[in-house]
Amino acid sequence: MQRFLPARPAGRLALFIALLSLAALLLTRPSKSGDFQEYALMTIALASHGSPAFTLADLERSAALSPEPGFVAVHDKLRSGMQRGDPHPFPGFIRGSDGGYYAIHFFAYPALAALPFKLIDAVGGKPFKAFQVVNLAALAILAVALFRFTGSAPRAMFGTVFFLLSGGLLYSNWSSPEFFSACALLSALLLTLAGRPFPGAVLAGVAAMQNPPLVLFALFAPLIRAAYLYAHDGLSARAALRTMFGLPTLLASVLVAALAAVPVLFNQALFGMPSVIAHFSTYPPLMTPARLLSFFFDLNQGAIVGLPVAMLLVALHLATMRDRPRLRWLPHALAAILFSVAMAIPSLATVNWNSGASGMMRYAMWGGMPLFYLALVYLQRLPRWPLGMVAAILLAQAGMVKYARSYTHVEFSPAARFVLATLPGWYEPEPEIFIERTLGEDGAAHGDVVAAYPSPAAPVKIVFSATSRAAHAALCGPEGEVALARASGGYPGGWTFLDGPPVCARGAPRMGASR
């Protein structure tokens, strides 16, 4: 068998990437999940006439490629709105000042998919596989970056598989930029570490065009590299910090910021605002510590769902910093953790926190990459990788992939159900998560709703808005009022949790509360 394999490590890695890509393209289909319709229309428009503004002809092409009943309804409503000249013909789409119709997301990712879309379409293939091609190209770049970082083809292959099992497979077939952005960010960190700031800046900058919090790479990547050189190369703190202000580093940061600014300028020119998606889809008062905790640790969609082994390795890394040489790694770990937290913070304002996801939330797919990077650095420092350790890591993460696929975004995860059944007072998910998963309905979190888990007849946990008279009436009768002495609240919108059946200050409990 050995003589049939390439002799050079780089050749073996190339063969691994080629076989992995071929298997993905032949055995899997692109997923039409998430914001697929927006990215599909932009890709069709760019492939057809080089503009992200889609026309009625582009819409008809999209309708022909997506005949599923759900998309038929979307196309019908969008077509009617465009024909009437509506400024907002359908959620997710808007009319620009030039009269053209656009998706509210930017078009960097569709622009990358446009050429493969056109080529696959020309040879009679399934053109939406173009999104898979873009994602696989990003994965190939990541494998190369891992090879440069580890200097070992087997370790680079392990890192690639570890990434795929740490959330990558959950989004690898999605026709939206979560997988691409995660690959690009992780590759950019590794390339910057290897002294390749400009390729890293291009990758991070393009990803930031689609996911704006990634612009923070311009600030944190030089800091992370300086801390790495301080710990790994033994530089003095002053010498390490000086590397942050070298001309290549500064220019790379400027390049990231410049690329990230392109969507801002585009939005300002066409829609009169820096970000149309931020204008319509965010609400700053939602940025709370509870949401930040939810981003990383929620049992349904937090980063911990997709990255449990990586997060465990980060914790182990911190716990073993007991002597002076190991403590030199503390600034590096803190810089990467702060980078992850800093990227999470802007996403907390989204009004659709419990959005369609595959296990961990889409923001966590790329927002958790600095933690995955830390896990890779920790493993790379180990002189030997026992087979048992490698197998345990990959098997644990393979189990998590299966686990994350066992429920939808309107169902509680098995872990959440277990805690709610055994220790309900210990678990208080973000209200939108609790409401929509209790009621099994996306968009159910309106002001008068009452969500009782597991049922209104025998609730162990209830959430309602303390400011809603209708909610009080649903729980305690027409003139009733819920006693809030034992309630926990403080959430935007007045959302309040009760453990067990309601206690009424006025009226009598009504356990048959309707939605």
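Parameters and conventions
Residues numbered from 1 in each chain as written. Predicted model: local features only at pLDDT ≥ 70, side-chain atom pairs only at ≥ 80, totals over all residues. Heavy atoms only, no water. Salt bridge = Lys/Arg side-chain N within 4 Å of Asp/Glu carboxyl O. Helix = DSSP H or I, 4+ residues; strand = E, 2+ residues; numbered from the N terminus. Buried < 20%, exposed > 50% of the residue type's maximum accessible area, 1.4 Å probe, protein only. 1 Å grid on protein atoms, 1.4 Å probe; cavity = no way out; pocket = protein on both sides within 12 Å on 5 of 7 lines; lining within 4 Å. Points joined across faces, edges and corners; volume = space filled by probe spheres on them. Nonpolar A, V, L, I, M, F, W, Y, C, P; charged D, E, K, R; others polar. Patch = residues over 30% accessible without salt bridge, like charges linked within 9 Å, V, L, I, M, F, W, Y side chains within 5 Å. Areas by Shrake-Rupley, 256 points an atom, 1.4 Å probe, with all protein chains shown as cover. Disulfide = S-S within 2.5 Å. Axes fitted to C-alpha atoms, helices over the stretch in contact; angles between N-to-C directions. Parallel < 35°, antiparallel > 145°, perpendicular 65-115°, else oblique. Left-handed = near helix turned anticlockwise from the far one by under 90°. Contact = heavy atoms within 4.5 Å. Pairing = 2+ DSSP bridges. Phe/Tyr/Trp six-rings, centres within 6.5 Å; stacked < 30°, edge-to-face > 60°. Lys NZ or Arg CZ within 6 Å of the ring centre and 35° of its normal. Core = buried A, V, L, I, M, F, W, Y, C linked by side-chain atoms within 4.5 Å.

Attention shifts here to the pattern of salt bridges. A side chain of one charge can pair with a side chain of the opposite charge if their charged atoms are brought near each other. Applying the stated criterion across every chain yields a total of twelve salt bridges. The partner of Glu178 in a salt bridge is Arg362, with the nearest N and O atoms 3.9 Å apart. With Glu178 in helix α8 (residues 178-193) and Arg362 in helix α19 (residues 362-367), the pair connects residues that are 184 residues apart, well separated along the chain. For Glu178, a relative accessible area of 8% puts it in the buried group.

Taken as a whole and judged by the stated rule, the model has three cavities of 30 Å³ or more. Of the pockets and cavities examined, the largest cavity occupies roughly 50 Å³. Lining the largest cavity we find Leu146, Phe149, Thr150, Arg155, Phe158, Gly159, Leu376, Leu379, Gln380 and Trp385. Mapped by element, the contributors of at least two residues to the lining of the largest cavity are α6 (129-150), α7 (153-171) and α20 (369-380). Considered class by class, the residues forming the lining of the largest cavity number six nonpolar, three polar and one charged.

The next thing to look at is a nonpolar patch on the surface. A cluster of nonpolar side chains, namely Leu318, Leu327, Leu330 and Leu334, defines an oily patch on the protein surface of about 290 Å² accessible area. Tracing the sequence through the fold places Leu334 in helix α18 (residues 330-347).

This brings us to the state of the cysteines. Tallied over the full model, the rule gives one disulfide. Here Cys476 pairs with Cys504 through a disulfide, and the sulfurs are 2.0 Å apart. Looking along the S-S bond of the Cys476-Cys504 disulfide, the torsion reads about -85°, which is the left-handed sense. Highlighted residues: Cys476 in helix α24 (residues 469-476) and Cys504 in strand β7 (residues 504-506), separated in sequence by 28 residues. Cys504 shares its class with Cys476; the two are buried.

So, on to the packing of helix α14 (residues 289-297) against α18. Running from N to C, α14 and α18 point in directions that differ by 120°, and their axes come no closer than 10 Å. Considered as vectors, α14 and α18 are oriented oblique to each other. Where α14 crosses over α18, the two elements pack in a sense that is right-handed. When α14 is examined against α18, the residues Leu292, Phe295 and Phe296 are found in contact with a partner set consisting of Ser340, Val341, Ala344, Ile345 and Ser347. Residue composition of the contact of α14 with α18, by class: six nonpolar, two polar and no charged.

Taken together, three strands build an open sheet; the order of strands is β3-β4-β6 and the sheet is antiparallel. Strands at the two margins of the open sheet, each flanked by one partner only, are β3 (450-453) and β6 (495-499). Adjacent strand axes in the sheet meet at a mean angle of 15°, parallel and antiparallel pairs treated alike. As defined by bridge partners, strand β4 (residues 461-465) adjoins β6 across five bridges and the pair is classed as antiparallel. Across the sheet, residue Phe464 finds its bridge partner in β6, namely Thr496. Sheet strands in contact with α24 are β3 and β4, and its direction is about 145° off that of β4.

The next thing to look at is the packing of aromatic side chains. Scanning the model with the defined rule gives 31 aromatic pairs in all. Each ring, one from Tyr109 and one from Phe180, has its centre 6.0 Å from the other, and the planes form 50°; the classification is tilted. With Tyr109 in helix α5 (residues 108-122) and Phe180 in helix α8, the pair connects residues that are 71 residues apart, well separated along the chain. Both rings, one in Phe128 and one in Phe131, keep their centres 6.2 Å apart while their planes meet at 20°; by these two values the pair is stacked. The same class applies to Phe128 as to Phe131, namely buried. These aromatic residues form a ring-pair network of at least three members: Phe36, Tyr39, Phe71, Tyr109, Phe117, Phe128, Phe131 and Phe180. Directly above the aromatic system of Tyr230 lies the positively charged group of Arg328, at a separation of 3.8 Å from the ring centroid.

Before going further, it helps to spend a moment on the nonpolar core. Among the nonpolar cores identified, the biggest contains 124 residues, and Phe162, Phe163, Leu186, Phe217, Met369, Phe372 and Tyr373 are the most heavily contacted of them. By residue number, the principal contributor to this core is α8, which donates twelve residues. Core analysis: the second largest hydrophobic core is formed by 16 residues, Leu420, Leu439, Val463 and Trp495 among them.

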